[in-house]
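Understanding the architecture of this molecule
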Amino acid sequence: MLGLPDGVEACLFDLDGVLTDTAAVHDAAWTATFDAFLRERSDRTREPFVPFDPVEDYARHVDGKPRQDGVRDFLASRGLALPEGGPDDPPGAETVHGLGNRKNVELLRRIEEEGVRVYEGSRRYLAAAREAGLRRAVVSSSANTAQVLQVTGLAEFVELRVDGLTLREQGLRGKPAPDGFLAAARALGVAPERAAVFEDALAGAQAGRAGGFGCVVGVDRVDHADELRRHGADLVVADLAELLDGAAG
Ligand SMILES: O=P(O)(O)OC[C@H]1O[C@@H](O)[C@H](O)[C@@H](O)[C@@H]1O
């Protein structure tokens, strides 16, 4: 049904990059944040400034992960570590939370100025899934998920949301751990092998594989289909419309 294996009863959608064109907005916000930090650090230490790579660094260390994990994992890739700090640290404080807060300011400004675009194929797919009686959840690491679903009008298609705030409240591990997807399947009353995961991030595809889900659909918006397959995608589409039109491979 809808391009999915027989027996699938639920769809668990990532948000940024799967339903909305916000992966690129997160990426731009991270790039601005890390580059400002790295430049200041290089001025201070006289070590060369090596900018954040919005393609490689983003895909490998940040994409799909909860905000603080993204900060820690990217810094670790450069052999750096910062004190954790706390949620109230001012944006840009040299702590994990400070950099995360700065990124959030950058993100919200961009969303405010540019708005959020929904992928039309994804809107159609959500509507078709609802029509077909499939259960539907959004599972995202973003703490801004509720607002994005609201401003785009996607909230009406979604029965359940497991997001960055849920992970924090329930003490769940972020992607690439499968906890968020498993929590969503449990809450919908559907066994993981009867649920499909839709992911554009390598960490998200990995989470789908780790959770033993019936199908992991990789959504390739940035030309890394092979990497998605290596990280756990069973099939890869460029847009969810392909699943509706029967062109998926
Ligand atoms: O900073 P937020 O909105 O809580 O989002 C956390 C993460 O959410 C993921 O969906 C994005 O792929 C990441 O880029 C982002 O960092």
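As the structure is a computational prediction, the values presented were derived from the model and not from experiment. (Residues numbered from 1 in each chain as written. Predicted model: local features only at pLDDT ≥ 70, side-chain atom pairs only at ≥ 80, totals over all residues.)

The subject of this paragraph is the overall build of the protein chain. Helix and strand content of the protein chain: 11 helices and six strands. In terms of overall size, the protein chain behaves like a compact globule, its C-alpha atoms giving a radius of gyration of 18 Å where 249 residues would be expected to give roughly 18 Å. Taken along its principal axes, the extent of the C-alpha atoms in the protein chain is 60 × 35 × 35 Å. Sequence separation of at least 24 residues holds for 57% of the intrachain contacts in the protein chain that already meet a minimum separation of 6. (Helix = DSSP H or I, 4+ residues; strand = E, 2+ residues; numbered from the N terminus. Rg over C-alpha atoms; globule rule 2.2 N^0.38 Å. Contact = placed C-beta atoms within 7 Å.)

In the vicinity of the ligand there are 18 residues, among which D16, H26, R67, S142 and A143 approach most closely. At the level of elements, α1 (23-45), α3 (67-77) and α4 (96-114) are the ones that each hand at least two residues to the shell around the ligand. A per-class count over the shell around the ligand returns six nonpolar, nine polar and three charged. Residues lining the shell around the ligand come from more than one domain, with at least three contributed by each of domain 1 (10-22 + 117-244) and domain 2 (24-114). (Near = placed C-beta within 6 Å. Nonpolar A, V, L, I, M, F, W, Y, C, P; charged D, E, K, R; others polar. Domains from an automatic or database assignment.)

What follows covers the packing of α1 against α4. Running from amino to carboxyl end, α1 crosses α4 at an angle of 135°, the nearest separation of the two axes being 8 Å. Of the possible angle classes, the one that applies to α1 and α4 is oblique. Note on packing geometry: the crossing formed by α1 with α4 is right-handed. Only L99, R102, K103, E106, L107, R110 and I111 of α4 make contact with α1, whose side of the interface consists of V25, H26, A28, A29, W30, A32, T33 and F37. Split into classes, the residues belonging to the contact of α1 with α4 amount to nine nonpolar, two polar and four charged. (Axes fitted to C-alpha atoms, helices over the stretch in contact; angles between N-to-C directions. Parallel < 35°, antiparallel > 145°, perpendicular 65-115°, else oblique. Left-handed = near helix turned anticlockwise from the far one by under 90°.)

Counting 59 residues, the largest nonpolar core has L12, F181, A195, A196, V197, F198 and V217 as its most contacted members. If one sorts the elements of this core by residue count, α1 sits on top with six residues. Formed jointly, this core draws a minimum of three residues from each of two domains, domain 1 (10-22 + 117-244) and domain 2 (24-114). Apart from the residues within four sequence positions on either side, V217 is in contact with A196, V197, F198, A233, L235 and V237. (Core = buried A, V, L, I, M, F, W, Y, C linked by C-beta atoms within 7 Å. Buried ≥ 20, exposed ≤ 12 C-beta atoms within 10 Å, placed from the backbone.)

Quick look at the packing of α3 against α4 now. Two numbers describe how α3 lies on α4: the axes approach to 9 Å, and their chain directions differ by 115°. Helix-helix and strand crossings are classified by hand; for α3 and α4 the assignment is right-handed. Contacts from R67, Q68, V71 and R72 of α3 reach α4 at V96, H97, L99, G100 and K103. Split into classes, the residues belonging to the contact of α3 with α4 amount to three nonpolar, three polar and three charged.

Bringing the sheet that holds strand β3 (residues 160-162) into the picture now. The six strands are arranged β3-β2-β1-β4-β5-β6 in an open sheet whose pairing can be described as parallel. Where the open sheet ends on each side, the last strands, each with one partner, are β3 and β6 (235-237). Mean inter-strand twist for the sheet, computed between neighbouring axes without regard to direction, equals 25°. Relative to strand β5 (residues 215-219), strand β4 (residues 195-199) runs parallel, the two being bridged by four bridges. Residue pairing in the sheet places F198 in a bridge with V217 of β5. (Pairing = 2+ DSSP bridges.)

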